[in-house]
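Observations on the model geometry
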Amino acid sequence: MTEATTERIIPPARNILGSLRLPGDKSISHRYALLAGLAHGKTRLANFSSGADCASSLACVAALGAKVTRDEDGAIEIVGAGGHFRHAEAPLDCGNSGSTMRMLAGLLTPQRSAYTLVGDASLSRRPMERVRKPLAEMGADIHLTEGHAPVTIRGSQLRGIDYTTPVPSAQVKSAVLFAGLQASGTTTLREAVRTRDHSELALRAFGAKVDRTIDSVSIAGGQQLRGIEAAIPGDLSSAAFFLCAAALFPGSNLVFDELGLNPTRATLLDVLTALGAQIGVLNLEEKHGELVGTVQVNAPPDGMKGTTISGSLAAQLIDELPVLAAIGPYTRNGIRIRDAKELRVKESDRIALVARNLRSMGAEVQEFDDGLDVPGGQQLHAAEIDSGGDHRIAMAFSVAALRASGQTVIRGAESAAISFPEFFEMLDQVAER
Ligand code: S3P
């Protein structure tokens, strides 16, 4: 069966100007939804992500016995299942969301019932062994289908482990911590590259004690969570498309209010600064451990330089790499990306799709197993872009289109709604044509 796809036409822009308030961070929304679903009592979440991915997490916790409603102000209210999820009759549908599937696997393996987790065609191709392995070491009864979804779980008593993650993945870390919360003894997770720490902060916000060192995090089992009231900060990975768009136009000026600025997520601001953009941060505040602030970006007056992204930077920028590669041709010295093999197992093979779409716009680009070389000083022309059903590819090439000659067609534009349904509307709002 082929799914309906929509096209968007992106004309070039002359400048990017304005101010935006973005929907809630996707990573934080997932975690708050899942932990609120398990917690005791009521949680109220303002500015919850509007993306389809986070709706999958909400639908799953609702199917597991949490009560999920939306109040008159648009905030999500969740009355948690009080520590015990009920048996789910039907398979739990995680849609396109790897975060939902992997983190839910951690939450469910120590529960009392049997569960099956399924996803769409893209999610069903993504690797799940990375979560099965540590959970099985904790004693979980969890099975995959040739390394992928469907994931079947028969809940059982788990024991704490000391685990070093071979892949830098916040999702794997979260799955292990969420299982550890409900296991006997203490669970310690060690990572060589510090991945986003929203789960550690969310667990604390919901009342759990979490201990951290520079490269490890530990949680004792048997702790209970209680509901919270929170306003979720704007999504920096969604802002990335606009930050990069603004960096393309000397004279641009863009302001984001209430943007999430968690240091494990904010590396993009350093990269943009290295490219020559001026970034200002104001009104910094902390909300449930998460940094939030106002960000202003102005493009470098004489164009962007270039940069190399490799090593731990690649892991920390993993969701922003497609858009950074897509603006590479417009820099002076190009964008070079290495150590980013993980991009090949995201919602699509993002290395292959970025290379293919850049070439269709007339760019020279070299593809490597773990990255790309995008030389600078290139002018692009309009083309028909194949998003591959991947939200970040659709949005990244909408940004590249802003400085191309002619009108670019984004195929599969509806995929933007996976993380950011308002994207095209907001782009029209800030793009001066
Ligand atoms: C996420 C972690 C990243 C990222 C994904 C969201 C999260 O995946 O690519 O979009 O919320 O923990 P990995 O941790 O698997 O790299």
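What you are looking at is a predicted structure, and each value in this text was computed from that prediction instead of being measured.

Conventions adopted
Residues numbered from 1 in each chain as written. Predicted model: local features only at pLDDT ≥ 70, side-chain atom pairs only at ≥ 80, totals over all residues. Heavy atoms only, no water. Pairing = 2+ DSSP bridges. Helix = DSSP H or I, 4+ residues; strand = E, 2+ residues; numbered from the N terminus. Axes fitted to C-alpha atoms, helices over the stretch in contact; angles between N-to-C directions. Contact = heavy atoms within 4.5 Å. Domains from an automatic or database assignment. Buried area = accessible area lost by both parts, 1.4 Å probe. Buried < 20%, exposed > 50% of the residue type's maximum accessible area, 1.4 Å probe, protein only. Arc of directions from axis to C-beta. Salt bridge = Lys/Arg side-chain N within 4 Å of Asp/Glu carboxyl O.

**Some remarks on the sheet that holds strand 13 (residues 216-220)**
Sheet architecture is open: 4 strands sit in the order 10-11-13-12, paired in mixed fashion. Two strands bound the open sheet, and with one partner strand each, they are strand 10 (162-164) and strand 12 (210-212). Across the sheet, the mean angle separating the axes of adjacent strands is 15° when strand polarity is ignored. Sheet contacts for helix 5 (residues 170-180): strand 11 (186-190) and strand 13; angle to strand 13, the most-contacted strand, approximately 25°.

**What to know about the domain arrangement of the protein chain**
Segmenting the protein chain into domains produces domain 1 (7-24 + 233-432) and domain 2 (26-220). If you average the C-alpha positions of domain 1 and of domain 2, the two centres end up 28 Å apart. On the side of domain 2, 27 residues touch domain 1, which itself brings 29 residues to the contact. Regarding the contact of domain 1 and domain 2, the summed buried area is about 2,300 Å², with carbon and sulfur atoms giving 47% of it. Taken as a group, Thr264, Glu347 and Ile418 account for 23% of the area that domain 1 buries against domain 2, more than any other trio of residues on that side.

**Points about helix 13 (residues 423-430)**
Those residues of helix 13 that fall on the buried side of the exposure criterion are Phe423, Phe424, Met426, Leu427 and Val430. Projected down its long axis, helix 13 shows its buried positions confined to an angular sector of 160°, all on one face. Along helix 13, exposed side chains directed more than 90 degrees from the buried face belong to Glu425 and Gln429. Packed against the buried residues of helix 13 are strand 1 (7-10), strand 2 (15-21), helix 7 (236-247), strand 15 (253-260), helix 12 (391-401) and strand 24 (431-432).

**Notes on the pattern of salt bridges**
Under the counting rule described, the total for this entry stands at 33 salt bridges. In this structure, the salt-bridge partner of aspartate 25 is arginine 265, at a minimum N-O distance of 2.9 Å. Placement of the pair is aspartate 25 in the loop between strand 2 and helix 1 (26-38) and arginine 265 in the loop between strand 15 and helix 8 (267-275), with a sequence separation of 240 residues. Neither residue differs from the other here; aspartate 25 and arginine 265 are each classed as buried. In this structure, arginine 44 and glutamate 77 form a salt bridge, with 3.9 Å as the shortest nitrogen-oxygen distance.

**Some remarks on the sheet that holds strand 1**
The 3 strands lie next to each other as 1-23-22, forming an open sheet whose pairing is mixed. The open sheet has two edge strands with one neighbour each: strand 1 and strand 22 (384-386). Between one strand axis and the next, the sheet turns by 25° as a mean value, whatever way the strands run. Bridge count between strand 1 and strand 23 (residues 408-411): 4 bridges; the pairing is antiparallel. Within strand 23, the position partnered with arginine 8 by the bridge is isoleucine 410. Taken strand by strand, helix 12 contacts strand 1, strand 22 and strand 23, and its axis lies near 180° from that of strand 23.

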